Amino acid sequence: MKDIRFYLTSIALLLFLPLGLVEVDACSVRDVWINMPDSIVPYLGGSQRVECVDFYEMHSKAETSNMLGGKSHIDTMTVNFLQATLTKSSVMQMKLLPASNGRDSVVCLVRSYLAPERESRVTLYTLDWKPIGHVDFCADEYIARPDTMTAERFEYLKTFLDPVMFCVELVPNENSMVVGLTTNAVGVEDKKALDSILVQRKLNWNGEIFK
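Computed from a predicted structure; not experimentally measured.

Position of K95 among the secondary structure elements: in strand 4 (residues 90-98). One buried charged residue, K95, remains without a salt bridge, the closest side chain of opposite sign being E174 at 7.9 Å. There is a polar contact of 3.2 Å between the side chain of K95 and the backbone oxygen of P172.

Right under this line is the structure:
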């Protein structure tokens, strides 16, 4: 009888252990969005985030009223990527990235403010929303002088990049982001010339940093 009970117990453990592992590994961006602290987006509470998810999963317009008197909605949601329009001038992207330890995921959060020009900020968190740090960029890596442009013209155009603002977009189906500089309002002629010195870069996540 003892042998039979031991055998049955072993079978039960083998059956339930994989289920437990699935639950641990099954954290999706949906869960992270719902459990996001209200302090990150103070005007969009937990019940409103749940409402957006419910509408999205019902293939309806994933929209809810926020506490600013406007509308917030989810644009795209997959297992590990989410994009939401928070207000008319604010967009959020969220991506779950694999960590170097092979177990935990890292939450990459990109907040972009659209007025007067697009400006993005990138922050990394643990799955339980403990801050890891910010992702910073060097402006010199995102500008280059064309061979046909004089040094004087190049230096003049660089003045339109003060203050320095970065535009960042996560790539939904890759562990990467596209980064570029945002230009201030300039005339049509200067805008065309300014675009010619700007360089976009695709940075890939290596488990610890984007490079």
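Tallying each qualifying case throughout the model produces eight salt bridges. Its salt-bridge partner being D31, residue R30 comes within 4.0 Å of it at the nearest N-O pair. Classification of R30 by relative accessible area gives partly exposed; the value is 26%. Of the residues examined, D31 reaches a relative accessible area of 27% and is grouped as partly exposed. With a shortest N-O distance of 3.5 Å, E155 and K158 are connected by a salt bridge. Remark: K158 and E155 occur in helix 4 (residues 151-158); sequence separation between them is three residues, near one turn of the helix.

Spatially, 8-9-10 is the arrangement adopted by the three strands of the open sheet, whose pairing is antiparallel. Edge positions in the open sheet fall to strand 8 (166-170) and strand 10 (201-204), since each of these has one partner strand only. Within the sheet, the average angular offset between the axes of one strand and its neighbour, ignoring direction, is 25 degrees. Note: strand 9 (residues 176-181) against strand 10, four bridges, orientation antiparallel. Considered in strand 10, the bridge of S176 is made with N204.

In terms of nonpolar packing, the biggest core is built from 29 residues, with C108, V122, F137, V168, M177, V179 and F210 touching the most fellow members. Among the secondary structure elements, those contributing two or more residues to this core are strand 5 (105-113), strand 6 (119-125), helix 4, strand 8, strand 9 and helix 5 (188-195). Leave out the neighbours within four places in its chain, and V179 touches F137, Y142, F166, C167, V168, V199, Q200, R201 and L203. Membership of the second largest hydrophobic core comes to 24 residues, among which are V29, M36, C52 and M94.

Turning next to helix 3 (residues 46-57). Between its terminal C-alpha atoms helix 3 stretches 17 Å, which fits the 16 Å expected from 12 residues at 1.5 Å a residue. Restricting attention to buried positions, one finds in helix 3 the residues Q48, R49, C52 and V53. Seen end-on, helix 3 carries its buried residues on one side only, within an arc spanning 140 degrees. With its phi angle positive at about 60 degrees, H59 sits one or two positions after the end of helix 3.

Rules and cut-offs
Residues numbered from 1 in each chain as written. Predicted model: local features only at pLDDT ≥ 70, side-chain atom pairs only at ≥ 80, totals over all residues. Heavy atoms only, no water. Helix = DSSP H or I, 4+ residues; strand = E, 2+ residues; numbered from the N terminus. Buried < 20%, exposed > 50% of the residue type's maximum accessible area, 1.4 Å probe, protein only. Lys, Arg positive; Asp, Glu negative; His and termini not counted. Salt bridge = Lys/Arg side-chain N within 4 Å of Asp/Glu carboxyl O. Polar contact = N/O pair within 3.5 Å; in protein donor to acceptor, adjacent residues only side chain to side chain. Pairing = 2+ DSSP bridges. Axes fitted to C-alpha atoms, helices over the stretch in contact; angles between N-to-C directions. Core = buried A, V, L, I, M, F, W, Y, C linked by side-chain atoms within 4.5 Å. Contact = heavy atoms within 4.5 Å. Expected span 1.5 Å × (residues − 1). Arc of directions from axis to C-beta.

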